[in-house]
Protein chains: 6
Amino acid sequence: MKLAHLTWKDVDVLARDIVVVIPTGSLEQHGPHLPLMTDTLLATAVAEAAEARLVEEVLLTPTLWLGASGHHLKFSGTLSAGFDVYMGAIRDIVESLLPHGFRKFFLVNGHGGNAEPNGVAMRQLKARYPNSQFGHANYYTFAEKAVSDRLVGPAKTMRHACEAEASMVMYLRPDLVRTEKLRDDGLQPVPAVLGMVHHFDEISEEGSLGYATLATPEKGKAILDAAVDGLVANLRALAQGYVFEGE
Amino acid sequence: MKLAHLTWKDVDVLARDIVVVIPTGSLEQHGPHLPLMTDTLLATAVAEAAEARLVEEVLLTPTLWLGASGHHLKFSGTLSAGFDVYMGAIRDIVESLLPHGFRKFFLVNGHGGNAEPNGVAMRQLKARYPNSQFGHANYYTFAEKAVSDRLVGPAKTMRHACEAEASMVMYLRPDLVRTEKLRDDGLQPVPAVLGMVHHFDEISEEGSLGYATLATPEKGKAILDAAVDGLVANLRALAQGYVFEGE
Amino acid sequence: MKLAHLTWKDVDVLARDIVVVIPTGSLEQHGPHLPLMTDTLLATAVAEAAEARLVEEVLLTPTLWLGASGHHLKFSGTLSAGFDVYMGAIRDIVESLLPHGFRKFFLVNGHGGNAEPNGVAMRQLKARYPNSQFGHANYYTFAEKAVSDRLVGPAKTMRHACEAEASMVMYLRPDLVRTEKLRDDGLQPVPAVLGMVHHFDEISEEGSLGYATLATPEKGKAILDAAVDGLVANLRALAQGYVFEGE
Amino acid sequence: MKLAHLTWKDVDVLARDIVVVIPTGSLEQHGPHLPLMTDTLLATAVAEAAEARLVEEVLLTPTLWLGASGHHLKFSGTLSAGFDVYMGAIRDIVESLLPHGFRKFFLVNGHGGNAEPNGVAMRQLKARYPNSQFGHANYYTFAEKAVSDRLVGPAKTMRHACEAEASMVMYLRPDLVRTEKLRDDGLQPVPAVLGMVHHFDEISEEGSLGYATLATPEKGKAILDAAVDGLVANLRALAQGYVFEGE
Amino acid sequence: MKLAHLTWKDVDVLARDIVVVIPTGSLEQHGPHLPLMTDTLLATAVAEAAEARLVEEVLLTPTLWLGASGHHLKFSGTLSAGFDVYMGAIRDIVESLLPHGFRKFFLVNGHGGNAEPNGVAMRQLKARYPNSQFGHANYYTFAEKAVSDRLVGPAKTMRHACEAEASMVMYLRPDLVRTEKLRDDGLQPVPAVLGMVHHFDEISEEGSLGYATLATPEKGKAILDAAVDGLVANLRALAQGYVFEGE
Amino acid sequence: MKLAHLTWKDVDVLARDIVVVIPTGSLEQHGPHLPLMTDTLLATAVAEAAEARLVEEVLLTPTLWLGASGHHLKFSGTLSAGFDVYMGAIRDIVESLLPHGFRKFFLVNGHGGNAEPNGVAMRQLKARYPNSQFGHANYYTFAEKAVSDRLVGPAKTMRHACEAEASMVMYLRPDLVRTEKLRDDGLQPVPAVLGMVHHFDEISEEGSLGYATLATPEKGKAILDAAVDGLVANLRALAQGYVFEGE
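The structure reproduced in this document is the subject of the present report. (Residues numbered from 1 in each chain as written. Chains lettered and ligands numbered in written order. Predicted model: local features only at pLDDT ≥ 70, side-chain atom pairs only at ≥ 80, totals over all residues. Heavy atoms only, no water.)

**Focus on the overall build of chain A**
Piece 1. For chain A, the count of helices and strands is eight helices and eight strands.
Piece 2. A compact globule built from 247 residues should have a C-alpha radius of gyration of about 18 Å, and chain A, at 18 Å, falls within 12% of that.
Piece 3. Overall, chain A is about 50 × 45 × 35 Å in size when its C-alpha atoms are taken along their principal axes.
Piece 4. Here chain A has roughly 8,000 Å² of accessible surface; of this, 52% comes from carbon and sulfur atoms.
Piece 5. Averaging the positions of the 22 positive and the 30 negative side-chain charges in chain A gives two centres separated by 3 Å. (Helix = DSSP H or I, 4+ residues; strand = E, 2+ residues; numbered from the N terminus. Rg over C-alpha atoms; globule rule 2.2 N^0.38 Å. Areas by Shrake-Rupley, 256 points an atom, 1.4 Å probe, with all protein chains shown as cover. Lys, Arg positive; Asp, Glu negative; His and termini not counted. Charge placed at Lys NZ, Arg CZ, Asp CG, Glu CD.)

**Re the relation of the copies chain C and chain D**
Piece 1. Overlaying chain C on chain D yields an RMSD of 0.0 Å, the required transformation being a rotation through 180° with an accompanying axial translation of 0.0 Å. Overall, the copies show the geometry of a two-fold rotation axis. Judged by C-alpha distance, V85 of chain C is the residue of chain C that lies nearest the rotation axis, at 2.6 Å.
Piece 2. When you check the interface residues of chain C against chain D, 100% turn up at the interface there too, and the contact is symmetric in its surfaces. (Least-squares fit on C-alpha atoms with pLDDT ≥ 70 in both. Contact = heavy atoms within 4.5 Å.)

**So, the interface of chain A and chain B**
Piece 1. Facing the 46 residues of chain A at the interface are 47 residues of chain B.
Piece 2. In terms of surface lost to chain B, no three residues of chain A exceed W8, W65 and S76 of chain A, which account for 18% of the buried area on that side.
Piece 3. The interface formed by chain A and chain B contains four salt bridges.
Piece 4. A salt bridge links E206 of chain A to K9 of chain B; its shortest N-O distance comes to 3.2 Å.
Piece 5. On inspection of chain A and its partner chain B, the count reaches 24 residue pairs in polar contact (both at pLDDT 80 or more).
Piece 6. Residues that form the side of chain A that touches chain B fall into these classes: 24 nonpolar, 14 polar and eight charged. (Buried area = accessible area lost by both parts, 1.4 Å probe. Salt bridge = Lys/Arg side-chain N within 4 Å of Asp/Glu carboxyl O. Polar contact = N/O pair within 3.5 Å; in protein donor to acceptor, adjacent residues only side chain to side chain. Nonpolar A, V, L, I, M, F, W, Y, C, P; charged D, E, K, R; others polar.)

**Points about the interface of chain C and chain D**
Piece 1. Counting residues at the interface gives 47 residues for chain C and 47 residues for chain D.
Piece 2. The junction of chain C with chain D conceals about 3,900 Å² of combined surface from both sides, 64% of it contributed by carbon and sulfur atoms.
Piece 3. When the area that chain C buries against chain D is broken down by residue, the three leading residues are W8, W65 and S76 of chain C, summing to 18%.
Piece 4. Across the chain C-chain D interface, the total number found is four salt bridges.
Piece 5. Taking the shortest distance from any N to any O, the salt bridge between R178 of chain D and D10 of chain C comes out at 2.4 Å.
Piece 6. Linking chain C with chain D are 26 residue pairs in polar contact (both at pLDDT 80 or more), by the criterion used here.
Piece 7. Those elements giving two or more residues to the side of chain C that touches chain D turn out to be helix 1 (8–12) and helix 3 (83–97) of chain C.
Piece 8. It is helix 3 of chain C that provides the largest number of residues to the side of chain C that touches chain D, a total of seven residues.
Piece 9. Residues belonging to the side of chain C that touches chain D are distributed by class as follows: 24 nonpolar, 15 polar and eight charged.

**Observations regarding the pairing of strand 3 (residues 104–109) of chain B**
Residues and elements named next belong to chain B.
Piece 1. Counting buried positions over the six residues of strand 3 gives six, a clear majority of the element.
Piece 2. With six bridges connecting them, strand 3 and strand 4 (residues 133–138) associate as parallel partners. Across the sheet, F106 pairs through a bridge with G135, a residue of strand 4.
Piece 3. Crossover handedness for the path strand 3 to helix 4 (residues 115–128) to strand 4: right-handed. (Buried < 20%, exposed > 50% of the residue type's maximum accessible area, 1.4 Å probe, protein only. Pairing = 2+ DSSP bridges. Right-handed = clockwise from strand over helix to strand, strands pointing away.)

**Points about the packing of helix 6 (residues 163–172) of chain C against helix 8 (residues 217–239) of chain C**
Packed helices, taken two at a time, are described by their axes: the angle between them and the distance between them.
Residues and elements named next belong to chain C.
Piece 1. It is the contact of helix 6 with helix 8, at a shortest axis distance of 7 Å, that shows an interaxial angle of 95°. Put simply, helix 6 runs roughly perpendicular to helix 8. Contact residues: E163, A164, S167, M168, M170, Y171 and L172 in helix 6; P217, K219, G220, K221, I223 and L224 in helix 8.
Piece 2. In the contact of helix 6 with helix 8, the residues fall into eight nonpolar, two polar and three charged. (Axes fitted to C-alpha atoms, helices over the stretch in contact; angles between N-to-C directions. Parallel < 35°, antiparallel > 145°, perpendicular 65-115°, else oblique.)

**Side note on the environment of V228 of chain E**
Piece 1. The topology assignment puts V228 of chain E in helix 8 (residues 217–239).
Piece 2. With near-sequence residues (within four places) excluded, V228 of chain E lies in contact with V46, A49, A50 and R53 of chain E.

**What about the environment of A137 of chain A?**
Piece 1. Its location among the elements puts A137 of chain A in strand 4 (residues 133–138).
Piece 2. In sequence terms A137 of chain A and P23 of chain A are 114 residues apart; their C-alpha atoms lie 9.9 Å from each other.
Piece 3. Here A137 of chain A is in contact with F106, L107, V108, N109 and F142 of chain A together with L194 of chain F, once residues within four sequence places are set aside.

**Considerations on the sheet that holds strand 1 (residues 19–24) of chain A**
All names here are of chain A.
Piece 1. Taken together, the four strands give an open sheet; going across it, the order is 2-1-3-4, and neighbouring strands pair in parallel fashion. Each edge of the open sheet carries a strand with a single partner, namely strand 2 (58–60) and strand 4. Across the sheet, the mean angle from the axis of one strand to that of its neighbour is 25°, orientation sign disregarded.
Piece 2. Along the sheet face, helix 4 (residues 115–128) touches strand 1, strand 3 (104–109) and strand 4 and points at about 175° away from the line of strand 4.

Next up, the structure:
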């Protein structure tokens, strides 16, 4: 179900073991070739495709398009929420719905920079409502194998405005890709120091990390399909109870 | 310009006297007949229509769809940001763009409950950045005459999920109107006490205020057109400088 | 009742449907002719006069004299609370009295800049205590007709350190009016752009808006009387229950 | 100078080494015999008397009458600010005036419960503005000898609604003393454990500590005179520079 | 009991009238002769010695070594928590243990700058949990007589990196005293103005106040012994109930 | 260098490209067999061993022993800081030292629950001070291979109070291990749903995850040695500049 399209009376009669799915994206620079809304576009696409296959089991909210993007602020047009506001928005959404009886919440994230605050926000909620269930994952976690299999450049994981992201935007919204500006960037840095916080103006020339020149819409479709499949399986399991499997 | 569709390089070359327009909506109950996204839909439609006529003079962000809707929370599915989070999101957007050189910001609001915090947030920003310009208005302020002229029910002003709002949703997204559930509600209360804060479960039966049964798409179009005309004139004046007129 | 003059034992035996009235003022510049305490003086005078006529129905607190006056800070001597502190003080007062059993709260405001945060604060309280009643109004809302009828200058509404405010201070505290410095100011600005946030150093020369040179104590008395009459009627209605009237 | 009575133009021409004096009081229970405004009354009286003797050297703000009185909240009518709001109000006042050029700030406190947050607030300000000067003291610190000399009951220090406070209110506002309800209370507890936080409903029967039945207006005058003398000397020294004396 | 050494099962079976003791120190400059950890060292030593004598009556947490030391920040290496963080840490510790059933909490403080925020934090807790018991004291309050008796320099009270503190560090950790740099400092200032907030770079040359050159380990032992004796008596009384004594 | 042992004069002459190392631990339940201080003990041991080998290149602060342990609070004796306080303490430490000229900061973490807030705190600092360097890592990240090689139970990664942690505590502080209570726990749960937030009372019986019964001090030493080796290499690289390596 798409929450935005429902009336309150529609919501009132939903089963309360439905999984509330909240996509989290960003509006931040994605190099000279991809639009600022890239992460929001991709998280939304994956979440909506999953909702289409789980209509009765998922209640999908609109995408939180204002992400935690401080590391991109040097590039014009990037918008970033502070961590307090970002995490507060997630908590406020959940705390609006908890009194209506919903108990299962899952964030589908499309922006790496949101992962830590998504974790903190969900833990804050779990501390307040220990009998409810809270989860979060990056959509591309469900597509790790597809990414690794399909990318032909040297980098085999999801990076930023890279071969994989450019491929997915090409597939979904080719009109928004600046094909003539596709660019490989941020190639050299494997920092010798583990665990450092980087801003993107420190580690790239024009804002991307990876081999966007190798992008194709076919790869994009394959990665998205894999992400949707994985997310569907995960949300279905959450909707159907919560099964622990032996080791 | 639609910010979400641009790359950072596109933004980088924009004129800095462009007006940044931020629509603010809500995701809250609108009676048994209109979808939760009503305010977001309408604010977005008005803002996008204005942007289409002022492409070079307006930089349009995505709509803040999570509003200050505490007075609707008794109705299932309503989401509400706390005031701190709501105002923080506005400030964070503006404070992301100020270092990029933008100086004129205007909120186009579609939800009455946002008006006070919009004012507070813009005043907080003005206090920090007195040389920049900050404004905000409800889109329907620009359509007061059209609303008064067109509505046939006893209420001649914009209320909630009313004849006017239902008409506009009918015009824009007829698929989202539950025609068979259109309902007049909240008719009796002209409270004898001025200035009281009400929750909608206190002053309506099913969440709306006004005569939605009288809605027609034609009225909706007329009201929207008037709102767009007024907003365009206002934004153009702001973009073109900032002229004071004698009394 | 004046809360400040009572002992806790006096308060303990009050009826709990009494209306707690909290005046909100400011300590901010009022041009070269009126004292910084103008708004506080006027809100207090109106509230005390109302209390004198509703002794058994109103419990009057001291006036919050530190207002939200950021738009006047360029003028020496203006004090301003940040919005968080300002709204927090209102909430703290109410939340002190709620556990004592009081349930009806009304802010009588004398400073335009307080109106938005007064609204936000009362809505925050209503969200926490939905079974209690919270209201707020500018005292001059109750005197709109008297203002319009009595003012002889071109401006027919309450502005700032204007014909109306100067008249009222002349009536109440003539010793505090700098008669020789009465000044008309801020006359030209009807901004062509609706909804902009202004600081007073942008829109006036010496801090006032309107035709203070036309002030007389007689006008002041008439406006104050009208405000008190309106406020008394409103508070009485709130004290006596809470009556909705049909449309 | 009384800030509230000045215009901004008056303030604009003041010498910037004037000491800004901010009285801090409370609105809290003072037993069955003294009014809720007792602390505010006394701090204001002492501060105003000092200002009257140091007109050119002191800029006196209105009294912050909403104190940190959580330990009295069990008694009806007590109002208390949370510590954040209380300290925020002090900081906001000072930070309004610092840009106007003032550099010396002193809190004259009338309520024991304000002493710790007064210290914290002034230290927060000193950390931000190390070149300005911030101080605070309880007015009765300047009258310790007079209190000790004059009180005839067993307790020889300032307590709460006690022989000393009752005497001072008798002197200043006899109409506000409930003479027939004067009461000795809180007599037994010298707790065997040092450093415990007490609420007044734990350590008194009706809210006071000490021997109020022994109060006389003469004692009140003597204590107030001593406090004013001490405060005047202290403020004068601060206004005149800031002299360190050898040990 | 030392909490850090216990397992959760050990804690689970403790008597709930045990006193939770939380030492509070600092990591701040102590002149050229004492280590930054001086306050933490001393508060810990006193608290641990008391715990050793009250094993069954005290549950000792690790020392909060990050204090409120803004007044020392001009000296390299000083660390300081803001007041919000400092008081928040105390509240979080207590609010972790309250749900486990503990009800008596006492802060043993070793740094003067912590005294006010310790008081505020404990009052905030008391306001939330009025049926639990909260106390705090500086360890040296229990040694006032020993300090006064033993010090041979002109200053007879505990100051900062002074004869007394240097003596105690000499006794406990002679390896951490820079004997060749022992220095008398801050000797002249008895400010003529009472109640001013000072930073240590204003009132000393190299960061200490007092006569450290006169320090001896013997004095240190005597002062520490007195502090432990006093603290033990106080904690025992708190553990054994809470007895009020007549005046 | 150990900051706690230095005087401010010692710190004042340190090279400013030294790496400030802040260990972060916890005080939380570690099953029936390990002490509450386990994470603090281990993070401290690794950090101190690294400092001993990098005396001139590392400035080591005391360990933040109060971690983000909300997921363990159901077990008696666990202390947890809220995220705001936890992250605030890290920021306050760094912001104390930045004005002293230090520019490189690294958190060595011993508690999984701290990893997300450590990341957020360092990103907040990087946003404020983009020209300084901020990093963080779990100490056991440097020992992944040693853990995988040495553990003999089915779980080959670091878990909680597990074979690896028990081994390390056995090696460092055998007196604190309850050998007779060593227990395997939390064995079954490989949750079928990825990304869920768990509290430890949901996923274990007595608080641990893994095969503690297989612990030996030899394994503990091997893991610690590996962690120290890896951390030393990482800190040295950070101290010596900041080298990017090609891919």
